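Working through the structure, step by step
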Amino acid sequence: MKHSIALLAPLAGLLVLAGCGQQSPTANSLNDPAAQYASPAGVQSQTQAMPDEFETTTYDDGGGAKSDMTDPSFALVQGGAQTDAAITPAFWFRQIRTHDRHIDVQFERPDSMTVLARVHITDRLTGTFNVVTRPDTIDGQITERSWIKKPLADAAARDAVFARRKMNDTDPTDEAEDRADGFRDGWSPWRLVATSGVEISSDGGTRAIQSVRLQSGDVDVTVTDPLALVRRPDLTRIPPGAPVHVTAVTGDPTDVVVLYARWGRMRMRPGANPGEFEGRFLAPADGGLRHIAVNALSHGTLFEDNGPYDSKAWGIPFVVGAPAIAAQP
């Protein structure tokens, strides 16, 4: 089975959405819990509670390089392209110092029974990209390590759609759904019905990602647009603990390409074709929504002391769980 879809991915935990068709709460609604829930503040609270979103903690290495994922059967790249390298990195890591968010919400009523909140989220991340060099020998003298800090400024984008449905008071199932959000206001809770991936670009960046392919057993999915909306039932499903093979195409064989997950990161190795890179990870044992990211960095970002920070990343969602059972005709 092979199909191409574009999914999510820095920074999925960044959804803050709006409510039930109201542009802003009125003075009276500020004291009404149901109206609060139907307002932007209510959807924000629901969204932030979503499990295992792709947060800045995945993309942000903190005070030092995080542990790398390893697979003895799939050796990591050591060194990589070194042409005209002015420095030899031993360690590298990001530190995100500021994170600003802007949310644009457009409401839509496709019919009298449904309210949609279409959301576009942009995030501004600033900080430093840090490279710690290896000791070297120059003219017989052993040099000290250097800690090189490069200014980091990234912009991230993501889209999502939430929906509420008007309940039928005479239907017992609808009555239970009406109570699910803690209110009896005649509407269902906000439900996430579609999500995109995340695209993160450095200011003035030149890196590109053309595609990311995920393969695991019968699953074979190629992502070509991280910002395309995907319905929740159509997200890629991978069994718990299953090995996943990732192939990224950037078109530039000098790129440094890294596979990120919340549980680690891995330097991807060159693939069969120039500008193609491969990596592997094991799906978590626990079910639910998960994300990985592929990050392409320019050669100069890591191997030149005066090379600017130049980065492109795609975040990609998938669901850990048994394959969906097809409906019977």
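Numbers given to residues run from 1 along each chain, matching the order in which its sequence is written. For this predicted model, a pLDDT threshold of at least 70 governs which residues receive local features, and a threshold of 80 or more governs which side-chain atom pairs are given and counted, while totals over whole chains, interfaces and linings are taken from all residues. To obtain the side-chain values, all non-hydrogen atoms of the structure were included, while hydrogens and water were left out.

Re the overall build of the protein
Rules: Helix and strand assignments follow DSSP, with helices taken as H or I runs no shorter than four residues and strands as E runs no shorter than two, numbered in order from the N terminus. Any residue under 20% of the maximum accessible area for its type is buried, any over 50% is exposed, and the rest in between are partly exposed; the area is computed with a 1.4 Å probe on protein chains only. Using a 1.4 Å probe, accessible areas were evaluated by the Shrake-Rupley method; residue-level cover was limited to the displayed protein chains.
Helix and strand counts for the protein come out as five helices and 18 strands. Per-residue burial over the protein gives 49% buried out of 329 residues. Summed over all atoms, the accessible surface of the protein reaches about 15400 Å², with 50% contributed by carbon and sulfur.

Overview of the environment of Gly204
Along the chain, Gly204 turns up in the loop between strand E7 (191-202) and strand E8 (211-216). Under the relative-accessibility criterion, Gly204 is labelled exposed at 76%. When the C-alpha atoms of Gly204 and Asp154 are compared, they prove to be 9.6 Å apart, with 50 residues separating the residues in sequence.

Considerations on the packing of aromatic side chains
The condition is simple: Here is the rule: rings of Phe, Tyr and Trp (six-membered ring for Trp) pair when centre to centre is within 6.5 Å. Planes less than 30 degrees apart are stacked, more than 60 are edge-to-face, and the remainder are tilted. Two limits define a charge over a ring: the Lys NZ or Arg CZ must be within 6 Å of the ring centre, and within 35 degrees of the ring normal.
The tally for this structure, following the rule as stated, stands at four aromatic pairs. With a centroid separation of 5.9 Å and an interplanar angle of 45°, the aromatic rings of Phe281 and Phe318 are classed as tilted. One end of the pair, Phe281, is in strand E16 (residues 276-282); the other, Phe318, is in strand E18 (residues 311-320), and 37 residues separate them in sequence. Here Phe281 matches Phe318 in class, with each residue buried. Through successive ring pairs, a cluster of aromatic residues spans Trp92, Phe129 and Tyr309. Positioned above the aromatic ring of Trp147 is the side chain of Lys149, whose terminal nitrogen or guanidinium carbon lies 4.8 Å from the ring centre. Over the ring of Trp92 we find Arg265; its NZ or CZ atom is 3.7 Å from the centre of that ring.

Focus on the pattern of salt bridges
Here is the rule: Take a side-chain nitrogen of Lys or Arg and a carboxyl oxygen of Asp or Glu: if they are within 4 Å of each other, that pair is a salt bridge.
Applying the stated criterion to the full structure yields 17 salt bridges. Among the ionic pairs, Glu108 bridges to Arg118, the shortest N-O distance being 2.8 Å. Highlighted residues: Glu108 in strand E2 (residues 89-111) and Arg118 in strand E3 (residues 114-133), separated in sequence by 10 residues. A relative accessible area of 32% means that Glu108 is categorised as partly exposed. The residue Arg165 makes a salt bridge to Asp174 at a minimum N-O spacing of 3.5 Å. Here Asp174 falls in the buried class, since its relative accessible area comes to 9%.

Some thoughts on the side chain of Thr195
To be explicit about the condition: What qualifies as a polar contact is a pair of N or O atoms within 3.5 Å, subject to a donor-acceptor requirement within protein and to the restriction that residues adjacent in sequence count only when both atoms come from side chains. In this description, contact between two residues means that some pair of their heavy atoms is separated by no more than 4.5 Å.
Considering the arrangement of structural elements, one finds Thr195 in strand E7. A residue is classified by how much of its surface remains accessible, and Thr195, at 1% relative accessible area, is buried. A distance of 2.4 Å separates a polar atom in the side chain of Thr195 from a polar atom in the side chain of Arg158. If we ignore the near neighbours within four places in the chain, the residues touching Thr195 are Arg158, Asp159, Ala160, Ala228, Leu229, Val230 and Leu235.

Observations regarding the confidence of the model for the protein
So the rule is basically this: Values of pLDDT, ranging from 0 to 100, describe the predictor's confidence in every residue of the model.
Model confidence for the protein is summarised by a mean pLDDT of 78, while 73% of its residues fall at 70 or above. Across residues 1-27, confidence stays below pLDDT 50; counting only partners more than four residues off in sequence or on other chains, it has 128 contacts.

Quick notes on the nonpolar core
The nonpolar side chains of soluble globular proteins are, as a tendency, buried together. Stated precisely, the cut-off is as follows: We call a set of buried residues a nonpolar core when its members are Ala, Val, Leu, Ile, Met, Phe, Trp, Tyr or Cys and they connect through side-chain atoms within 4.5 Å of each other.
The biggest cluster of nonpolar side chains holds 24 residues, and the ones touching the most others in it are Val212, Val246, Leu259, Met268, Ile292 and Val294. At four residues, E18 tops the list of elements feeding residues into this core. Among the nonpolar cores identified, the runner-up in size contains 16 residues, and Ile87, Ile96, Leu125 and Tyr309 belong to it.

Let's talk about the pairing of E8
Each regular strand displays side chains that alternate between the two surfaces of the sheet. Applied cut-off: When DSSP finds two or more bridges between two strands, those strands count as paired.
Note that E8 and strand E12 (residues 243-249) share five bridges and pair antiparallel. From the neighbouring strand, Arg213 faces E12, where its bridge partner is Thr247. Of the pairings in the sheet, the one linking E8 to strand E9 (residues 219-223) comprises five bridges and is antiparallel in character. Residue pairing across strands places Arg213 opposite Thr222, the latter belonging to E9. Connecting E8 to the antiparallel partner E9 that follows it, the hairpin turn spans two residues, and Gly217 within it adopts a positive phi of roughly 60°.

Here's the deal with the pairing of E2
With 19 bridges connecting them, E2 and E3 associate as antiparallel partners. For Gln95, the partnering residue across the bridge sits in E3 and is Thr128. Between E2 and E3, which pair antiparallel one after the other, the connecting turn spans two residues.

Thoughts on the environment of Thr98
With respect to the helices and strands, the residue Thr98 is situated in strand E2. In this structure Thr98 comes out as partly exposed when scored by relative accessible area, which is 35%. Sequence spacing of Thr98 and Thr126 is 28 residues, and the spatial spacing of their C-alpha atoms is 5.3 Å. Setting aside residues up to four positions removed in sequence, Thr98 forms contacts with Arg124, Leu125 and Thr126.

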